[in-house]
Amino acid sequence: MNKPTIYITRSIPAKLLKPYQEHFTFICWEKEETPVPREVLIKDAKHADGLICMLTEEIDDAFLDNVQRLQVIANLAVGYDNIDIHASKARNIIITNTPDVLTETTADLGFGLLMATARRLLEANDFIKQGKWQHWAPYLLAGTDVYNKTIGIVGMGRIGKAIARRAKGFSMNILYHNRSRDEIAEEKLGVTYLGLNELLSEADFVVSVVPLTDETRNMFDADAFSMMKHSAIFINISRGGVVDETALIQALKEEQIAAAGLDVFSKEPLPKNHPLLQMRNVVALPHIGSASVETRTNMWNLCLENVTRVLSGKRPRTPVE
Ligand code: NAP
Ligand code: GLV
Ligand code: GLV
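An account of the accompanying structure is given in this report.

What counts as what
All residue numbers refer to position in the chain's written sequence, counted from 1. A letter from A marks each chain and a number from 1 marks each ligand, given out in the order of writing. Given that this is a predicted model, residues contribute local features only at a pLDDT of at least 70 and side-chain atom pairs are listed and counted only at 80 or more, while totals for whole chains, interfaces and linings are drawn from all residues. The basis for every side-chain value is the complete set of non-hydrogen atoms in the structure, without hydrogens or water. Runs of E in the DSSP output that reach at least two residues are strands. Runs of H or I that reach at least four are helices, and both are numbered from the N terminus. Expected helix span is given by 1.5 Å per residue-to-residue step, counting one fewer step than there are residues. Relative accessible area decides the class of each residue, using a 1.4 Å probe on protein chains only: under 20% of the type maximum gives buried, over 50% gives exposed, and in between gives partly exposed. Two residues qualify as a contact provided that any one of their heavy atoms is within 4.5 Å of a heavy atom in the partner residue. Polar contact criterion, stated in full: a pair of N or O atoms within 3.5 Å, where within protein one must be able to donate a hydrogen and the other to accept it, and residues adjacent in sequence count only if both atoms are side-chain atoms. When DSSP finds two or more bridges between two strands, those strands count as paired. All axes are obtained by fitting lines to C-alpha atoms, using only the stretch in contact for helices, and the reported angles, taken between N-to-C directions, cover 0 to 180 degrees.

Points about helix α5 (residues 103–118)
- Between its first and last C-alpha atoms α5 spans 22 Å; for 16 residues at 1.5 Å apiece the expected length is 22 Å, and the two agree.
- In terms of residue burial, α5 counts as a mostly covered element, since twelve of its 16 residues are buried.
- Within α5, the full set of buried residues consists of Thr-103, Thr-105, Thr-106, Ala-107, Leu-109, Gly-110, Phe-111, Leu-113, Leu-114, Ala-116, Thr-117 and Ala-118.
- One or two positions beyond α5, positive phi appears at Arg-120, with a value near 55°.

What to know about helix α11 (residues 245–253)
- Turning to α11, its buried residues are Glu-245, Ala-247, Leu-248, Ile-249, Ala-251 and Leu-252.
- Looking at the buried positions of α11, the neighbouring elements they touch are α10 (222–227), β10 (233–236), β11 (259–262) and β12 (282–284).
- Here α11 starts with a cap whose side-chain oxygen sits 3.1 Å from the backbone nitrogen of Thr-246, and that cap is Asp-244.
- Taken from the residues just after α11, Glu-255 is the one with a positive phi, measuring 55°.

Some thoughts on the sheet that holds strand β6 (residues 150–154)
- What the seven strands build is an open sheet, ordered β8-β7-β6-β9-β10-β11-β12; its pairing is parallel. Taken across any chain shown, the strands that pair with only one partner, and hence form the sheet edges, are β8 (192–193) and β12.
- Two elements, strand β9 (residues 205–208) and β10, share four bridges in a ladder whose sense is parallel. Bridge pairing in β10 links Val-206 to Phe-234.
- Contacts from α11 reach β10, β11 and β12, with the element oriented near 145° to β11.

Notes on unusual backbone geometry
- In this chain, Glu-268 is followed by Pro-269 through a cis amide linkage whose omega measures -5°.
- Relative to the elements of secondary structure, Pro-269 occurs in the loop between β11 and β12.
- Although it is not a glycine, Asn-92 adopts a positive phi angle of roughly 60°.
- Looking at the secondary structure, you find Asn-92 in the loop between α4 (85–90) and β5 (94–96).
- For Asn-92, a relative accessible area of 67% puts it in the exposed group.
- Phi is positive for Ser-171, which is not a glycine, with a value near 55°.
- Within the secondary structure layout, Ser-171 lies in the loop between α7 (158–169) and β7 (173–177).

Right, dumping it as structure tokens:
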């Protein structure tokens, strides 16, 4: 009997494939940093039964038309805005993502980014490495406090709650906004529900952890920034598409808000000369929210489990429903 074929769009540690090689054939794009070109993917995945892909691959109607054997696509990410779910369902292709395994790691990064932006850690690091440190001074690289402040979490889901748990340790007042109230979170974490506009006007730190959908695209626009305090710090660890970046640049330039910490951008990778990278009060990271070695391994393993389960006639662990 022919073994089912699984195409993987990025290089994966060989030892992770070992447990599956007896029953499945793997074809991998062997590069670690460069995504597979779309035409190569279409050609090489043509006869695959399963696909493990990254958020760098756009899985749309045109792609799906070319890979007609596919039964399952496992995205190595919890966010799946790179996949046309409707088009996949119409072809009975099962989609899976990687919830839970990356929650705490991404919350660590989100809170770290908030701390780094508030306390100007990267500017301070550049300052000392560039040999600029001549004297100690009372207001040298003075930032703003985090403890006791108000944090507004937009998207109180898995990662939002993990950020709230960290914020509690800093004695922060925690506000959140979702489409629906989460009374369990309110009780367990002591968080307060507010409408988006109220949250924006009360928070010292606004943290975006909402998925990118038709509803959330550009939700942080000029109006949203105009409601924030002049001292507010905006943190985005969800997707760049939730922000109108032109409005963000304007808000930072005009000191409508104080600073931004950004792990994600509307077009990635961000070009070297992008205006956001020229601003002193922006901390920018190259989309590394879940990038710890342990978590990336857990994400790979979850994708492998999901794909091989579907191809063995079982229910995947984490389907997108
Ligand atoms: P989740 O558990 O599904 O949480 C998402 C939250 O957003 C839910 O509480 C949901 O509540 C809320 N939400 C959805 N649509 C909304 C809307 N239109 N308005 C207001 N709130 C809305 O997801 P998660 O696991 O926490 O992940 C969240 C996102 O983080 C992912 O989708 C991904 O884009 C991003 N992410 C980024 C990185 C990174 O590397 N930077 C890593 C992991 C995840 P309601 O349904 O009640 O609205
Ligand atoms: C990363 O951005 C993810 O959605 O997992
Ligand atoms: C600072 O280093 C202090 O001792 O207050």
